[in-house]
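Architecture and fold: a report
One letter stands for each residue in the lines below.
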Amino acid sequence: MNRTANSSARPLLRSFPTEYLGLTLALSALVGVFSLITDHFFSVTTFRTIANQIPSAVLVATAMTYLLVIAEIDLSVGSVLGFCSAVLGVAMTQWHWPLPLAVIGTIAAGLLCGAFNGLVSVHWRLPSFIVTLGMLEMARGAAHAVTRSQTQYIGSSVEAIAGTSICGLSLPFLLAMVIVVAAQLVLTRTVFGRYLVAIGTNAEAVRLSGIDPRPIKLAVFLLTGLLVALAAIIDTSRFQSANPNAGTGFELQAIAAAVIGGTSLMGGRGSVVPTLFGVLITAVLNTGLAAVGARDETKRLITGLVIIAAVILDQYRHRLGAKWKNS
Amino acid sequence: MLNRKVIYPTFVSTLATTLFFVAGCQRNDNSQSGTPGKPRVALVMKSLANEFFLTMESGARAHQKAHAAEYELLVNGIKDELDVSRQIDLVEQMIAQKVNAIVIAPADSKALVPVCKKAQQAGIVVVNIDNKFDDAVLGDSGLKLPFVGPDNRKGARAVGDLLAKKLKTGDQVAIVEGAPNAFNGLQRKAGFEDAMKAAGMNIVGSQSGYWETDKANPVVAAMLTEHPGLKALLCANDNMALGAVAALRAAGKQEQVLVVGYDGIGAVRQLLKEGNVLATADQHADQLAVFGIEYALEMLKTKSAPADRNTPVDVVSTP
Amino acid sequence: MNSGTPLLAIDRLCKAYAGPVLDGIAFDLLAGEVHALVGENGAGKSTLSKIVAGLVQPDEGTMTLRGQPYAPHNKNGAERQGVRMVMQELNLIGNLTVAESVLLGNLPHRWGWIDWRELRDRARGIFERVGLTDIDPGCFVKSLGVGRQQLVEIAAVLARPCDVLILDEPTAALTAPEIERLFVEIAKLKAAGTAILYISHRMEEIQRISDRISVLRDGRLIATRPAAELSLDEIVRMMVGRELGEAIHRESVTAGPVALRVEGLRRGDAVRDVSFETRRGEILGFAGLMGSGRTETMRALFGADRADGGEIFLCDEEKPVRIRSPRDAVRRGIALLTENRKEEGLLLPLPIRANITFLCLGQLSRAGGWIRAATELAEATRWGNALSVRCHSYEQRVDELSGGNQQKVMIAKWLFRNCDVLIFDEPTRGIDVGAKFEIYQLLADLAAQGKAVIVVSSDLKELMALCDRIAVMSAGRVAATFRRGEWTQDKIMTAALSGYLNQ
């Protein structure tokens, strides 16, 4: 009856047409509008461009969805992305590490930040909002510290990751899609996923059922660290350079994508595939507005309105769906 | 009856007073034991999280070390370029500390004018660097401040002129602007436009990339799709040029589209060598603050009337 | 003051929530008397006092104050007419200073700026009335102990003139000298003609200070008598009533071996020293007044709250088991069905299926934790049907179910987990009568299957109908344990009150 991870046993494909109808419509409407008002928007190039741009956002938004499902949040994803990117850049340019080792180091940096967020908020029972707000500052500071605030140009040695393509699709894009599908399946069909939804719904009830929510929460924070590190690697490879200011404001983009996809900020309700739609809607919007050549203030106004409109549309879809079911 | 509510403020104010006195005594000691008349120069910086300003700052520090006998240097900066009120606080603190000169890179070309006027009225020499104060606001408040720094418009014009030589008249070009409220960004855009118009190019787009690689990249990618005939991208800083190059690489258009940047950061030097970026402007960031400090010291010595001074901007291009 | 005419008269007062709470109450309060209100938990004392204080509106009936109709819409309305109440739950704001919270709503100020000196002076005067000379008006409310907070609250109410004062368990958190001081103050008010409605479990207090006593039972006023005419036994008998109500038929089961033994369990003030044992095939009831530590005992035993001390033995084992978290308890086969199903038990927005299978997902999944959806639904259906949960489908959200069916889902969830010791805290709270009997039958069946069942309940009739033994808790201890046939309601009530008699 709704798209929550829990309410139907197998929502991924069988129920696709109805579950994701609202989001598909919204996305098609945006594509339609931009195709009409610009000359070259509706083209393979545009879609390849978007596919090239979204992988990092998809990974981070997926992690954010998991966090929101367990009623936590991570405001530090943007800064941690900057930090991971900085580590990768410095490891390759200053320390002259080989790419695989630098990648491992970057992932370790991401996991470290995730572990800090998770351990502090779980152990001291602090709201993750506060802890990750602290990490937002610390990770950005660390990014500037390791790079001495200088953009690190890495060059083609890091290109292998983003540059590789299989059947015309880039490696990061394929990776992002695989992760979305895997994350969706884990959330809806595994014991771990069920626990996530339960913790977000009522953590005390879970505890009194004899299941300790703390290691599960920690796992989600670690997973976030991992996905953010992967996102950083993808972006760094794409730009062939590491900018310590990378990912500024990324946390809000990720939250927006999850919310557009119908994830609740209160926990217990959320799903990964709709979050992918959220990322796509924002990406299409950005690309479209840039193609139109809209003024900056117009872009912001429209982006804000679309986020709100998408959520309202989603609400209506829920209500209509309920009516339909009852009649 | 004593309780926390009373004790705490008492404690804090006592502590503050003590610190104040200790600091005061130390300063007296300094001024007595140190060279009398050795001027104290305060450098008030914009973002310390930006490579460009960091280079500026370390240049100033190096200069002071080399001329330690001539002046003392106090460096302060704000976290990001948008924290205007914090910078105003900083200037006020410098006035309270009775420095002899303030060299300031204002975060806002208008909002900082009143506090700088206050500083000048307190007998402090104020020199404006990097981001020029708004002339209208300066005139309004009757304040005369020398600006020491690069002419961003002229620099951008020079970069644009160099680019124009590689293009044919009527070619499509696009500009990637800085943050929409930044004066130097607007100057650079204006300089690019001057050059392109003079050479008869067709500017098909001009959008903000917010100074950052990851923000400029999608904007450039969209412009490339929308204007398939694009021949050149003029970026208001080098970080955005990096984002533009990544977009070109993704679209397979590196051969077709030329990119120029601005600032001359380390990362872009490699791209210049590889030929992915045609040119950038070197404003000698490490010397920018030094120029300002030297000018302030000169003013302190000669009590000369303030006049603006332009610092050199060099175009760096593919070797 | 003429103590003959009633200051406040109440006539045919009725109030119903799910069921009737007050039924045709009629009584009066005289000026200058202390009128005690006694009754079992849920007899309607608090609701009655809240109606008088304007916090709750009656469904039917009238009140007359000083001969005028009296129908306050809220607390302020009542206070304007001189009726004030000291709540059982504290009404203070922890983050304010004592002086501020006492004079809140009436802060001395000059053009909006609080006049601190005036505030402190006034507050100090107020505190001196109740003998709180050593309290600093500038300290924060939350820095005081509960007893002192209670005194501050009382002081705050006394600070304003009132004709009718309601005190709901005012001595619950006070020490003996503080109680004495309160009684002195009550005597002064009485002499000044204030009518005092005094609610308490503590019989010796009531007998000492009250002029008249009214006994409530099941929402009805049983009697109002001069205090001097009533003995403790008589009060208790009136509180519990003469008939035991219809017994729930239960086959007597021979109790099996010991399933769980608790020795010297302690946690804070609520659980002081609790020892008991329960056997397979037996239903052990826990009776006691509100706040006697029953829920706290069960939570400590289950590891929901960490116990301060005490040992727990399973079966006939020599070594105690360590239970530091619900996880440990569940692993040992102990289940706790909490009294707040919605807040602490169920995953309300999730389907019935997910709630029932939640504890046993491991056995429903393949390697890697992939849940076998068909098996899950089949199992959920099996357990749901076994307990006859009424629903459209097992995919229905649990919060769409009635209280009784929610409780059944809870039970199904724990039965599926196959726990040996099942602790039910208030299993029939908020459940309609029909469903109650279904739940009783379920509990009896569980015992018959050889489970050890513990039932905590405030409904004495329920316990007496259901249990093989009843442990009565009073003031954090097990005051007495009765076997079926040994108990009477009088005995249980006396035991329940015993802990509060000589404190």
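Computed from a predicted model, the values in this text were never measured in an experiment.

Another point: the sheet that holds strand β12 (residues 220–226) of chain C. Residue and element names in this part refer to chain C. Strands sit in the order β6-β9-β10-β3-β11-β12 across an open sheet of 6 strands; the sheet is mixed. Only two strands of the sheet have a single neighbouring strand rather than two, namely β6 (83–86) and β12. Strand-to-strand twist of the sheet, defined as the mean angle between neighbouring strand axes without regard to direction, takes the value 20°. Where helix α8 (residues 232–240) meets the sheet, its contacts fall on β3 (34–39), β11 (212–217) and β12, and the angle it forms with β11 comes to roughly 30°.

In this section: the pattern of salt bridges. Think of it this way: side chains of opposite charge can pair up when their charged atoms draw near. Enumeration according to the criterion identifies 47 salt bridges over all chains in this entry. With a closest N to O distance of 3.9 Å, Glu204(A) and Arg299(C) form a salt bridge. With Glu204(A) in helix α11 (residues 203–208) and Arg299(C) in helix α9 (residues 294–302), this pair bridges two chains. According to the relative accessible area criterion, Glu204(A) is partly exposed, its value standing at 26%.

Our focus in this paragraph is the interface of chain B and chain A. Listed by partner, the interface residues are 34 residues for chain B and 38 residues for chain A. Across the interface of chain B and chain A, roughly 2700 Å² is buried in total on both sides, 49% from carbon and sulfur atoms. Three residues, Thr225(B), Glu226(B) and Arg249(B), lead the burial of chain B against chain A; their summed loss comes to 21% of the area buried on that side. At the boundary of chain B and chain A, one finds 0 salt bridges. The set of elements that each furnish at least two residues to the side of chain B that touches chain A consists of α2 (51–66), β7 (202–208), α8 (213–226), α9 (238–251) and α10 (266–274) of chain B.

On the chain A side, the residues contacting the 34 residues of chain C number 26 residues. Here chain C and chain A share an interface that buries about 2300 Å² over both sides, 63% of which is from carbon and sulfur atoms. Considering only the side of chain C, the residues that lose the most area to chain A are Leu350(C), Phe358(C) and Trp370(C), jointly responsible for 24% of the buried surface there. Here Glu376(C) and Arg194(A) are joined by a salt bridge, their closest N and O atoms 2.6 Å apart. The interface formed by chain C and chain A includes 7 residue pairs in polar contact (both at pLDDT 80 or more). Looking at the side of chain C that touches chain A, the elements that each hand over two or more residues are α9, α10 (326–331), α11 (341–345), α12 (352–357), α13 (373–386) and α14 (403–416) of chain C. For the side of chain C that touches chain A, the residue count by class is 18 nonpolar, 6 polar and 10 charged.

What follows concerns the domain arrangement of chain C. All names here are of chain C. Here the domain parsing of chain C yields domain 1 (6–240), domain 2 (257–333 + 420–439 + 451–503) and domain 3 (348–418). The C-alpha centroid of domain 3 is placed 27 Å from the C-alpha centroid of domain 2. Each partner contributes to the interface: domain 2 provides 14 residues, whereas domain 3 provides 11 residues. Surface buried jointly by domain 2 and domain 3 totals about 940 Å² across both partners, of which 63% is contributed by carbon and sulfur atoms.

A separate point is the environment of Ala172(C). Residues and elements named next belong to chain C. Along the chain, Ala 172 falls in the loop between β9 (164–168) and α6 (176–191). On the basis of relative accessibility, which here comes to 49%, the residue Ala 172 falls in the partly exposed class. Taking the C-alpha atoms as reference, Ala 172 lies 9.6 Å from Gly 291; in sequence the two are 119 residues apart.

In the structure shown here, the tally under the stated rule is 9 aromatic pairs over all chains. Ring geometry for Phe42(A) versus Phe47(A): centroids 5.9 Å apart, planes at 85°, classification edge-to-face. On the accessibility criterion, Phe42(A) (61% relative accessible area) is exposed. Joined through ring pairs, the aromatic side chains of Phe34(A), Phe41(A), Phe42(A) and Phe47(A) make up one cluster. The ring of Phe313(C) carries Arg261(C) above its face, with NZ or CZ at 4.2 Å from the centroid.

A few words on unusual backbone geometry. You will see that His284(B), though not glycine, has its phi angle at about 55°, which is positive. Along the chain, His284(B) turns up in the loop between β10 (279–282) and α11 (285–302). What makes His284(B) partly exposed here is its relative accessible area of 24%. Despite not being glycine, Asn418(C) has its phi angle at roughly 60°, a positive value. Among the secondary structure elements, Asn418(C) is positioned in the loop between α14 and β18 (421–425). For Asn418(C), a relative accessible area of 53% puts it in the exposed group.

Criteria and cut-off values
Residues numbered from 1 in each chain as written. Chains lettered and ligands numbered in written order. Predicted model: local features only at pLDDT ≥ 70, side-chain atom pairs only at ≥ 80, totals over all residues. Heavy atoms only, no water. Pairing = 2+ DSSP bridges. Helix = DSSP H or I, 4+ residues; strand = E, 2+ residues; numbered from the N terminus. Axes fitted to C-alpha atoms, helices over the stretch in contact; angles between N-to-C directions. Contact = heavy atoms within 4.5 Å. Salt bridge = Lys/Arg side-chain N within 4 Å of Asp/Glu carboxyl O. Buried < 20%, exposed > 50% of the residue type's maximum accessible area, 1.4 Å probe, protein only. Buried area = accessible area lost by both parts, 1.4 Å probe. Polar contact = N/O pair within 3.5 Å; in protein donor to acceptor, adjacent residues only side chain to side chain. Nonpolar A, V, L, I, M, F, W, Y, C, P; charged D, E, K, R; others polar. Domains from an automatic or database assignment. Phe/Tyr/Trp six-rings, centres within 6.5 Å; stacked < 30°, edge-to-face > 60°. Lys NZ or Arg CZ within 6 Å of the ring centre and 35° of its normal.

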